[in-house]
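Next come the chains, spelled out residue by residue.
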Amino acid sequence: MSGHDTGEVREFAYEGFRYSCRVVAAHRPRLDPVLILGGAFQDKDSWRQHQPYFGAMADLVTVDLPGWGDADDLPARYGYDFLAAALEHLLTGLGRPRVNLVGASYGSLVAYCLAQRCPDRIARMVLSGAFDGVPAHTKATHERTVELLAAGRTVEFTEVMLSLLAPRTRAGAADGRNEALTQLLRAQFAGMTPEAAVRYAENSARVLAHPRLRSGGHEVPTLVLAGELDLCTPPETGRRVAAMIPGAAFVTVPDAGHLMWLERPRQFVGLLDDFFSGRSVGELACGAR
């Protein structure tokens, strides 16, 4: 499999909402398929740079659920349980009885609910940048970003988002080695279309309007990853989510921020491979460093 393999796009509909996924087949799969749910600013095409690392591991499935990418808009009154039900519908449509599940940032909410809904369909689960509701320390900032977009103040919106998501160093300055990623984020935020702004507002309202995740309900082997320098969902937030899941492991990744999967794609996929292959938490912790 090459990094330019476009895979196969499959279309679905659930309760009247159209959505889709991309399936990229591994050339020598040795694990159950890996299904990835990205964050609020990601879609099924955001993981192409990661594709080469899955070639000898597993088929890769990336998803545009309602409210993401090129799927239909989803009003905020529909919560994570609805999205988890749509995802279960997708698994059935794909004929995939079981997957390894990855939930990144906003996607961690849906992944968590899917594990509670149908634990028998998930071999193992990794949550990165996870949270169980809007973190209290960022709630006001979260609400402000919606207000700025509604007012068309994209420059200010961009700077607020970068203050939370741009790669940092322990000293708090922008990390030169990730300057390209910072500039990519700047261009993405500054160039948001009106349609994308509406979607961001709906997804933000969904997080604010629906109940926080409930503890327990499944025993899916789970790893929760947190970036040491994550200002959006700091390690204590991820540790709290891990404590909600029986037997979950928690690993802090040094020198990484909220978007560790973009900052260090090879290392991120390596951690997925380690956990999905059944390596011990101690080995994972060492690998993270």
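This one's a predicted model, so the numbers in the text were calculated from it and none came from an experiment.

A. Just the nonpolar core, in detail. Counting residues in hydrophobic clusters, the biggest one holds 51 residues, and the most contacted among them are Leu35, Val63, Leu65, Leu87, Leu90, Met125 and Leu127. Counting residues per element, this core draws most heavily on helix H1 (residues 80-94), at 10 residues. Core analysis: the second largest hydrophobic core is formed by 43 residues, Leu149, Met161, Phe189 and Met192 among them.

B. Local environment of the packing of aromatic side chains. The final tally for this structure, using the stated rule, is 13 aromatic pairs. Aromatic pair phenylalanine 17 and phenylalanine 82: ring centres 5.7 Å apart, planes at 80 degrees, arrangement edge-to-face. Taken together, the residues span a long stretch of sequence, with phenylalanine 17 in strand E2 (residues 17-24) and phenylalanine 82 in helix H1 at a distance of 65 residues. Here the two residues phenylalanine 17 and phenylalanine 82 agree in accessibility, since each one is buried. Measuring from ring centre to ring centre gives 5.3 Å for tryptophan 68 and tyrosine 106, while their planes differ by 70 degrees; the resulting arrangement is edge-to-face. Within this pair, whereas tryptophan 68 is found in the loop between strand E4 (60-64) and H1, its partner tyrosine 106 is found in helix H2 (residues 106-117), the two being separated by 38 residues in sequence. In this pair, the class of tryptophan 68 matches that of tyrosine 106, namely buried. Among the aromatic residues, those joined into a cluster by ring pairs are Tyr14, Phe17, Tyr78 and Phe82. Cation over ring: arginine 124 sits above phenylalanine 275, and NZ or CZ is 4.8 Å from the ring centre.

C. Region of interest: the sheet that holds strand E5 (residues 99-104). Taking strand neighbours across the sheet as the criterion, the eight strands line up as E1-E2-E4-E3-E5-E6-E7-E8 in an open arrangement whose pairing is mixed. Edge positions in the sheet fall to strand E1 (8-14) and strand E8 (249-253), since each has one partner strand and no second. For this sheet, the mean angle separating the axes of adjacent strands, direction not counted, is 20 degrees. One ladder, built from five bridges, connects strand E7 (residues 222-227) with E8; its direction is parallel. Residue pairing for E8: leucine 225 is matched across the bridge by valine 251. Along the sheet, helix H7 (residues 235-243) contacts strand E6 (122-128), E7 and E8; its crossing angle with E8, the most-contacted strand, is approximately 165 degrees. Helix-sheet contacts for helix H9 (residues 265-276) involve strand E3 (34-37), E5, E6, E7 and E8, and the interaxial angle to E6 is about 145 degrees.

Thresholds, definitions, all that
- Residues numbered from 1 in each chain as written.
- Predicted model: local features only at pLDDT ≥ 70, side-chain atom pairs only at ≥ 80, totals over all residues.
- Heavy atoms only, no water.
- Core = buried A, V, L, I, M, F, W, Y, C linked by side-chain atoms within 4.5 Å.
- Buried < 20%, exposed > 50% of the residue type's maximum accessible area, 1.4 Å probe, protein only.
- Helix = DSSP H or I, 4+ residues; strand = E, 2+ residues; numbered from the N terminus.
- Phe/Tyr/Trp six-rings, centres within 6.5 Å; stacked < 30°, edge-to-face > 60°.
- Lys NZ or Arg CZ within 6 Å of the ring centre and 35° of its normal.
- Pairing = 2+ DSSP bridges.
- Axes fitted to C-alpha atoms, helices over the stretch in contact; angles between N-to-C directions.
- Contact = heavy atoms within 4.5 Å.

In short, the description is geometric, and any link to function would need to be established separately.
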